[in-house]
Amino acid sequence: MRLGIISDTHGMLRPEVFDVFRDVDHILHGGDVGQWEVVIELQSVAPVTAVYGNTDNLDMRAKLPQVAEIELDGFRIVVTHGDQLGSPTPAKLHEAFPRAEIIVYGHTHKPLLELVDKTVTVMNPGGAGAPRFGLLPSVGILELEPGIPPRGRVVPLGRG
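Residues numbered from 1 in each chain as written. Predicted model: local features only at pLDDT ≥ 70, side-chain atom pairs only at ≥ 80, totals over all residues. Heavy atoms only, no water.

Asker: How should the overall build of the protein chain be read in this particular structure?
Answerer: Within the protein chain, the secondary structure is distributed over four helices and 10 strands. N-terminal to C-terminal, the α/β element order of the protein chain is β-α-β-α-β-α-β-β-α-β-β-β-β-β. Taking 2.2 N^0.38 as the reference for a compact globule, 160 residues should give roughly 15 Å; the C-alpha atoms of the protein chain span a radius of gyration of 14 Å, in line with that estimate. C-alpha extents for the protein chain along the principal axes are approximately 35 × 35 × 30 Å. For the protein chain, with 160 residues in total, the buried portion stands at 48%. Within the protein chain, contacts between residues at least 6 apart in sequence are counted, and of these 47% link residues at least 24 apart. Accessible surface, the protein chain: about 7,400 Å² in total, of which carbon and sulfur atoms supply 52%. (Helix = DSSP H or I, 4+ residues; strand = E, 2+ residues; numbered from the N terminus. Rg over C-alpha atoms; globule rule 2.2 N^0.38 Å. Buried < 20%, exposed > 50% of the residue type's maximum accessible area, 1.4 Å probe, protein only. Contact = heavy atoms within 4.5 Å. Areas by Shrake-Rupley, 256 points an atom, 1.4 Å probe, with all protein chains shown as cover.)

Asker: How do you make sense of the sheet that holds strand β3 (residues 48-50) when you look at a structure like this?
Answerer: Hydrogen bonds along the backbone pair up the strands of a sheet, which may run parallel or antiparallel. Read from one edge of the open sheet, five strands run β3-β2-β1-β9-β10, paired in mixed fashion. Two strands lie at the open edges of the sheet, namely β3 and β10 (148-156), each paired on one side alone. Adjacent strand axes in the sheet meet at a mean angle of 20°, parallel and antiparallel pairs treated alike. Inspection of the sheet shows strand β9 (residues 138-145) paired to β10 by seven bridges, in the antiparallel sense. For S138, the partnering residue across the bridge sits in β10 and is P156. (Pairing = 2+ DSSP bridges. Axes fitted to C-alpha atoms, helices over the stretch in contact; angles between N-to-C directions.)

Asker: Is there a simple way to think about the nonpolar core in this case?
Answerer: Buried together is how nonpolar side chains tend to be arranged in soluble globular proteins. Counting 21 residues, the largest nonpolar core has I6, V17, F21, I27, L42 and V139 as its most contacted members. Elements with a contribution of two residues or more to this core: α2 (36-43), β3 and β9. Per-element tally for this core: the top contributor is α2, with three residues. Not counting residues within four places of it along the chain, the set of residues in contact with V17 comprises I6, L42, V139 and L157. Formed by 14 residues, the second largest nonpolar core is a distinct cluster that contains V51, M123, L142 and L144. (Core = buried A, V, L, I, M, F, W, Y, C linked by side-chain atoms within 4.5 Å.)

Asker: Is there a simple way to explain the sheet that holds strand β5 (residues 75-80) in this structure?
Answerer: Spatially, the five strands line up as an open sheet ordered β4-β5-β6-β8-β7, and their pairing is mixed. The sheet terminates laterally at β4 (67-72) and β7 (112-116), the two strands that pair on one side only. Going from strand to strand, the sheet's axes swing by 20° on average, the running direction of each strand aside.

Asker: What exactly am I supposed to notice about the pattern of salt bridges here?
Answerer: Pairs may arise between side chains of opposite charge once their charged atoms sit close together. Under the counting rule described, the total for this entry stands at three salt bridges. A salt bridge links D59 to K63, with the nearest nitrogen and oxygen atoms 3.5 Å apart. One end of the pair, D59, and the other, K63, are both in helix α3 (residues 58-63), four residues apart, so they sit about a helical turn from each other. Judged by relative accessible area, which is 43%, D59 ranks as partly exposed. A relative accessible area of 41% places K63 in the partly exposed class. (Salt bridge = Lys/Arg side-chain N within 4 Å of Asp/Glu carboxyl O.)

Asker: I tried to follow the pairing of strand β1 (residues 2-6) on my own but got confused; where do I start?
Answerer: Both faces of the sheet carry side chains from a regular strand, because those side chains alternate between them. With respect to burial, β1 is a largely interior element, four of its five residues being buried. Pairing between β1 and β9: four bridges, direction antiparallel. The partner of G4 across the bridge, within β9, is I141.

Laid out in structure tokens, this is it:
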């Protein structure tokens, strides 16, 4: 199973995302979606599991949870923006969600793919919207196969 990982769109969905996510089976959005239309457009590619982030308005918060826990291809996955932890780190996220095998988050806009405790994959795809904090936009891909640790990569999007 191939997952498209995206976060911090802030209402902006770049055309390159559709190319990168062309063959994904499911999309995980780590919050700060910005506008409901972003979710609708992503749903035209694959099913979407999304959470709200700290900049999402009350309308978005009414439609999305703060934390989503799902199981895909036998993996326990948590999706969260991470802002509830202050400055989220892989260690803080693992402590907050000890049963998760994969944790997807956003908030920092800094791409990250890290293994915690040798078994927990933590991914921040970076911000996919307008460039912020001097960081170029990016998304992520995670490949899941039962019995094998997830394989992932961060994919840069254009030049901002």
